[in-house]
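A look at the structure
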Amino acid sequence: MDYDLDRFDSRRSTVYANRGMVATSQPLAAEAGLEILRTGGNAFDAAVATAAALNVVEPTSTGLGGDVFALYRTADGEVGAMRACGGAPADATIENVKRALETADDPSAYYPESRGYAVDEATGADDLEMPFLGPHAVTVPGTARGWETTVEELGRLSLGDVLEPAIEYALEGYPVSEAISYYWQGATELFSDEHAREAYLFDGEAPEPGQTVRLPRLGESIQLIAEAGADVVYEGEIAEAIAEAVQSKGGFLTVEDLAAFEPEFLEPVSTTYNGAEIFELPPNNQGLIALEALNIAEEIGAGEHPYDSPERVHAFAEAMKLAFVDGHHYVTDPEYEEIPPLGSKAYARERATAIGDSPIRDPEVGVPTRAAEDADTVLLTVGDAEGNLVSYINSRFAGFGSGLVAGETGIALQNRGASFSLDPDHPNRLEPGKRPFHTLVPAIARLDADDWAAFGVMGGYMQPQGHVQVLSNLIDYGMSEQAALDAPRWRYREDGALGVEERLPNAAALARRGHDVRVLPPTLFGGAQLVRRREKTLSGATEPRKDGNVVGY
């Protein structure tokens, strides 16, 4: 059977409904969210149910050992944001981490060559980088508290109610879908301990497409959270298992670090773009990068070029390039470092003067971590009959995260700490309690007076680039929701190249203009989800490059 994920010839259409809608990257998870809507939950209840189901049916991209973020519009018109993102352990100083790496038995195991690290350079005493794998990449996971807070503050069902579908999938089993099998097989090299292999491999192997699997350890942990609440992850037996897993490998995370964590409700950051208003998460996320790119693109009239023209892609890509230069240098935890007004129109006018007919050379992007460029995650969007819309994103950062699983819990721990720098002069330097630069950016857009969309594009540094392209497709070129997601994409790469899909028109003309054009497979262009509400009608679209599904009723 042909499981070539770089071919997606199937036709999709925009889905319409008026009572409820869920769009996400895995059909079983989408149905879990829809079930909650049908049984009396609102969009926030359904978002948590979908996210929890994704922890089970798409464990390659998300999990309880990671973080969760939300952008939402409530039925009464409030636009808000939630950040459930933990920080570095209290003892995780640059000095302590460097000392631990220099004395580790095999520090090269923390720097996988498959993720772009040169092991002989990465382990030298003078140029140590933050590890990609292992105990020092683990930060406090925010997911369980984030789920609980979402339901308690914005939902109307109990946490136990919305976790039921995930528990059922984990304990009774489900067939693995095509894309997830592909990523599962590619991630097994990252499992660095026996608990990870026991929890996520079957007779030592990753599952094949269609193979039915059970994840009993993870299911029992989710059931415990459903019964006892999130406290069990931060102060109870799961907290002890997480701390033990990290400390037994030489890391610094403690139960006290976990117990100190609380989610936050934030004011979104926003800008306008050609008549629409766009809301993003504030730092420590990439939201400002998307806003800066949109502001620069508007300033130079990027969306005024014919859609198939090389001038359009050139203009947007150059705007994106400048936004990455700024964002990857300045965006960090704002409690530790002042961040310039990257999302302001005035700042964009100043930066736009650098854009001409030829590509900007040597932009000094300063990427927080090279392994984040093509990281993947899950995003879901939900709308309900009352008018609530939510974009919800839940991730462990890269695949199964750090490679560590917390004892018998089945909870794979994130490697989000890999985004820190060990350079003491960098704004995103490692500091105790500090939250790392985060790629996750759910978003909300007001496209007209009574026309709102919850959306996002998964995939490392593709995320803000995907926001810009999807929004421009909708706003500048009047595409339908599904057409806006289907359209061929481009992406600026950290090495200065301009990646394009093979279907993108006039790629040769971009090369003649001076861009280092590289045709990349569709799997590297992110995974978008979108639910839109115009008056009382919901419409939705899902990513054709994934196993995605959008369902409504």
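Quick summary incoming for the structure in this document. (Residues numbered from 1 in each chain as written. Predicted model: local features only at pLDDT ≥ 70, side-chain atom pairs only at ≥ 80, totals over all residues. Heavy atoms only, no water.)

1. A look at the nonpolar core
Stated formally: As used in this record, nonpolar core signifies buried Ala, Val, Leu, Ile, Met, Phe, Trp, Tyr and Cys residues forming a set joined through side-chain atoms within 4.5 Å. When accessible area is computed with a 1.4 Å probe and restricted to protein chains, residues below 20% of their type maximum are described as buried, those above 50% as exposed, and intermediate ones as partly exposed. Every helix listed is a DSSP run of H or I at least four residues long, and every strand listed is a run of E at least two residues long, numbered separately from the N terminus. Every residue pair with non-hydrogen atoms within 4.5 Å of one another is taken to be in contact.
Within the largest apolar cluster, 102 residues are counted, with the highest numbers of intra-cluster contacts made by Val56, Trp184, Tyr200 and Tyr392. Sorting elements by how many residues they give to this core places helix 2 (residues 43–57) first, with 12 residues. Apart from the residues lying within four places of it in its own chain, the contact partners of Trp184 are Pro59, Thr60, Tyr174, Val176, Tyr200, Phe202, Ala206, Pro207, Val213, Leu215 and Phe400. In this structure, Leu322, Tyr492, Leu498 and Leu510 belong to the second largest nonpolar core, which totals 56 residues.

2. What to know about the pattern of salt bridges
The criterion, for reference: Whenever a carboxyl oxygen of Asp or Glu lies within 4 Å of a side-chain nitrogen of Lys or Arg, that contact is scored as a salt bridge.
A full pass over the atoms with the stated rule returns 27 salt bridges. Salt bridges sharing common partners tie together Arg83, Glu264, Asp333, Glu335 and Arg435.

3. Concerning the packing of helix 6 (residues 159–172) against helix 9 (residues 216–228)
What counts, and what does not: A fitted line through C-alpha atoms serves as each axis, taken over the contacting stretch for helices, and the angle formed by two N-to-C directions is quoted from 0 to 180°. For classification purposes, angles smaller than 35 degrees are called roughly parallel, those larger than 145 roughly antiparallel, those between 65 and 115 roughly perpendicular, and all remaining angles oblique. Should the near helix be turned anticlockwise from the far one by less than a right angle, the crossing is left-handed, and should it be turned clockwise, the crossing is right-handed.
Where helix 6 contacts helix 9, the two axes come as close as 9 Å, and the packing angle between them is 165 degrees. Here helix 6 is positioned roughly antiparallel relative to helix 9, judged by the angle of their axes. Crossing handedness for the pair helix 6 and helix 9: left-handed. In this structure, helix 6 contributes Leu159, Gly160, Leu163, Ala166, Ile167, Ala170 and Leu171 to the contact, and helix 9 contributes Pro216, Gly219, Glu220, Ile222, Gln223, Ile225 and Ala226.

4. Considerations on the pairing of strand 2 (residues 20–24)
The condition that has to hold: Between any two strands, at least two bridges found by DSSP are needed for them to pair.
The buried count for strand 2 comes to 5 of 5 residues, which makes it a mostly enclosed element. Side-chain alternation along strand 2 places Gly20, Val22 and Thr24 on one buried face and Met21 and Ala23 on a second face that is also buried. Bridge count for strand 2 against strand 19 (residues 549–552) is 4 bridges, and the pairing is antiparallel. Its bridge partner being in strand 19, Val22 is matched across the sheet by Val551.

5. Side note on the environment of Leu266
With respect to the helices and strands, Leu266 occurs in strand 7 (residues 264–266). For Leu266, a relative accessible area of 18% puts it in the buried group. Expressed as a C-alpha distance, the spacing of Leu266 and Ala81, which sit 185 residues apart in the sequence, is 5.1 Å. Apart from residues lying up to four places away in sequence, Leu266 is in contact with Gly80, Ala81, Arg83, Leu281 and Pro282.

6. Side note on the packing of helix 13 (residues 287–299) against helix 16 (residues 462–475)
Helix-helix packing is characterised by the crossing angle of the two axes and by the distance between the axes. Rule in force here: Classes in brief: Ala, Val, Leu, Ile, Met, Phe, Trp, Tyr, Cys and Pro nonpolar; Asp, Glu, Lys and Arg charged; the others, Gly included, polar.
Between helix 13 and helix 16, the least distance of the axes is 8 Å, while the angle of their chain directions is 40 degrees. Classed by the angle they form, the pair helix 13 and helix 16 counts as oblique. The two elements helix 13 and helix 16 cross, and the hand of that crossing is right-handed. Across the interface between the two elements, Ile289, Ala290, Ala293 and Leu294 of helix 13 pack against Pro464, His467, Val468 and Leu471 of helix 16. For the contact of helix 13 with helix 16, a count of residues per class yields 7 nonpolar, 1 polar and no charged.

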